[in-house]
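Examining the three-dimensional arrangement
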Amino acid sequence: MTSIDQIIDDFAFMDDWEDRYRYVIELGKALPDLSEDKRTAENKVNGCASQVWLVSHTEEGSDPLMTFEGDSDAHIVRGLVAIVLAAYSGKRASEIAATDVIDIFNRIGLVENLSTQRANGLRSMVKRIRDEAARAAA
């Protein structure tokens with residue numbers, strides 16, 4: 001998976017929305033498929049217009065390492081999932097809970113170009129991950 005730093009650097013070289021849009025779709029295509037048995041109601045993210053599933057894996061400990069899997073039935077949203085996972089997966093719960101990836105999306109100019117429904121869905125994904133991390137860190 002592409003690192004969040006690489007994604008930010010790549011976006012810095014793209015001037016127009018069409019290039020950014022294509023790149024987001026490419027990131028989504030590179031995201032590993034989520035197996036059908038993980039596409040459950042429990043893993044589905046509420047608040048997304050498209051179908052989005054997130055699966056979290058939490059190690060043991062007081063500030064556990066967390067990893068995430070995700071998928072969507074929409075190409076652009078699948079790319080947004082890939083960016084969110086690049087930002088959060090493999091980090092400690094306390095770091096995830098304290099990091100609002102929406103700031104990164106604003107910095108790379110994605111939020112302003114998303115439809116209201118997609119932006120709300122993005123916020124729902126981020127909230128769910130941060131809430132799970134806060135519970136794991138408590």
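Preceding block: the structure.
Scope of this entry: the structure provided in the associated data block. Nothing here was measured: the structure is a model prediction, and the numbers come from that model.

**Digging into the overall build of the protein**
The helix and strand inventory of the protein stands at six helices and three strands. Sequence-ordered secondary structure for the protein, helices as α and strands as β, is α-α-β-β-α-β-α-α-α. Along the three orthogonal principal directions, the C-alpha set of the protein runs to about 45 × 30 × 25 Å. The buried share of the protein, reckoned over its 138 residues, is 45%. Once local pairs closer than 6 in sequence are excluded, the contacts in the protein between residues at least 24 apart make up 61%. Carbon and sulfur atoms make up 45% of the accessible area of the protein, which amounts to about 7,300 Å² in all. The positive charge centre, built from 16 side chains, and the negative charge centre, built from 24, are 4 Å apart in the protein.

**Things to note about the pattern of salt bridges**
In this structure the tally under the stated criterion is nine salt bridges. Asp33 is paired through a salt bridge with Arg78; the nearest N and O atoms lie 3.0 Å apart. With a gap of 45 residues between them, Asp33 in the loop between helix 2 (17–30) and strand 1 (52–58) and Arg78 in helix 3 (residues 75–88) connect regions that are remote in the sequence. Of the residues examined, Asp33 reaches a relative accessible area of 64% and is grouped as exposed. In this structure, the salt-bridge partner of Arg39 is Glu36, at a minimum N-O distance of 3.7 Å. Each member of the salt-bridge network shares a partner with another, and the members are Asp33, Glu36, Arg39, Asp71 and Arg78.

**Some remarks on the nonpolar core**
Judged by nonpolar contacts, the single largest core of 44 residues is most densely connected at Ile83, Phe105, Leu122 and Met125. Tallying contributions element by element places helix 3 first for this core, with eleven residues.

**Some points on empty space enclosed by the protein**
One pass over the full model with this rule turns up one cavity of 30 Å³ or more. Taken as a whole, the largest cavity encloses approximately 60 Å³ of empty space. Considering the residues around the largest cavity, the lining is formed by Cys48, Ala49, Ser50, Val52, Val77, Leu80, Gln117, Arg118, Gly121, Leu122 and Met125. Counting residues per element, the ones that place at least two in the lining of the largest cavity are helix 3 and helix 6 (116–137). If you tally residues by element for the lining of the largest cavity, the top one is helix 6, at five residues. Among the residues forming the lining of the largest cavity, the class breakdown is seven nonpolar, three polar and one charged.

**Remarks on the environment of Ser35**
On the secondary structure map, Ser35 appears in the loop between helix 2 and strand 1. Taking relative accessible area as the criterion, Ser35 reaches 32% and is therefore assigned partly exposed. A polar atom in the side chain of Ser35 sits 2.4 Å from the side chain of Asp37.

**Here we look at the sheet that holds strand 3 (residues 91–92)**
Sheet architecture is open: three strands sit in the order 1-2-3, paired in antiparallel fashion. Each edge of the open sheet is held by one strand with a lone partner, namely strand 1 and strand 3. Where strand 1 and strand 2 (residues 65–72) come together, seven bridges link them in antiparallel fashion. Within the sheet, the bridge partner assigned to Val55 lies in strand 2 and is Glu69. Across the sheet, helix 6 touches strand 1 and strand 2, and the angle it forms with strand 1 is around 20°.

Scoring rules and cut-offs
- Each chain has its residues counted from 1, running along the sequence as written.
- Where totals are concerned, whole chains, interfaces and linings use all residues; where local detail is concerned, this predicted model gives features only for residues with pLDDT of at least 70, and gives and counts side-chain atom pairs only at 80 or more.
- No hydrogens and no water enter the side-chain calculation; it runs on all heavy atoms of the structure.
- Where helices and strands are cited, they refer to DSSP runs of H or I of at least four residues and of E of at least two residues respectively, numbered from the N terminus.
- Partly exposed residues are those whose accessible area sits between 20% and 50% of the maximum for their type, while under 20% is buried and over 50% is exposed, using a 1.4 Å probe and protein chains only.
- Note on definitions: a residue-residue contact is assigned when non-hydrogen atoms from the two residues lie within 4.5 Å.
- Computed with a 1.4 Å probe, the accessible areas rest on the Shrake-Rupley method; for each residue, only the protein chains presented here act as cover.
- Charge counting follows a simple rule: Lys and Arg are positive, Asp and Glu are negative, and His as well as the terminal groups are ignored.
- In plain terms, the charge of a residue is placed at NZ if it is Lys, CZ if Arg, CG if Asp and CD if Glu.
- Salt bridge, as used here: a side-chain nitrogen of Lys or Arg that lies within 4 Å of a carboxyl oxygen of Asp or Glu.
- To qualify as a nonpolar core, a set must consist of buried Ala, Val, Leu, Ile, Met, Phe, Trp, Tyr and Cys residues joined through side-chain atoms within 4.5 Å.
- Only protein atoms enter the 1 Å grid used here. Points where a 1.4 Å probe fits but cannot escape make up a cavity, open sets with protein on both sides within 12 Å along at least five of seven lines make up a pocket, and a residue lines them when an atom lies within 4 Å of a point.
- Grid points are joined across faces, edges and corners, and a volume is the space filled by probe spheres set on the points.
- Under the grouping applied here, Gly and all other residues not named as nonpolar or charged are polar, the nonpolar ones being Ala, Val, Leu, Ile, Met, Phe, Trp, Tyr, Cys and Pro and the charged ones Asp, Glu, Lys and Arg.
- Pairs of N or O atoms are called polar contacts if they sit within 3.5 Å, as long as, within protein, a hydrogen donor faces a hydrogen acceptor (for residues adjacent in sequence, only side-chain-to-side-chain pairs).
- Pairing between two strands is assigned when DSSP locates at least 2 bridges connecting them.
- To get an axis, a line is fitted to the C-alpha atoms, and for a helix only the part in contact is used. The angle between two axes follows their N-to-C directions and goes from 0 to 180 degrees.

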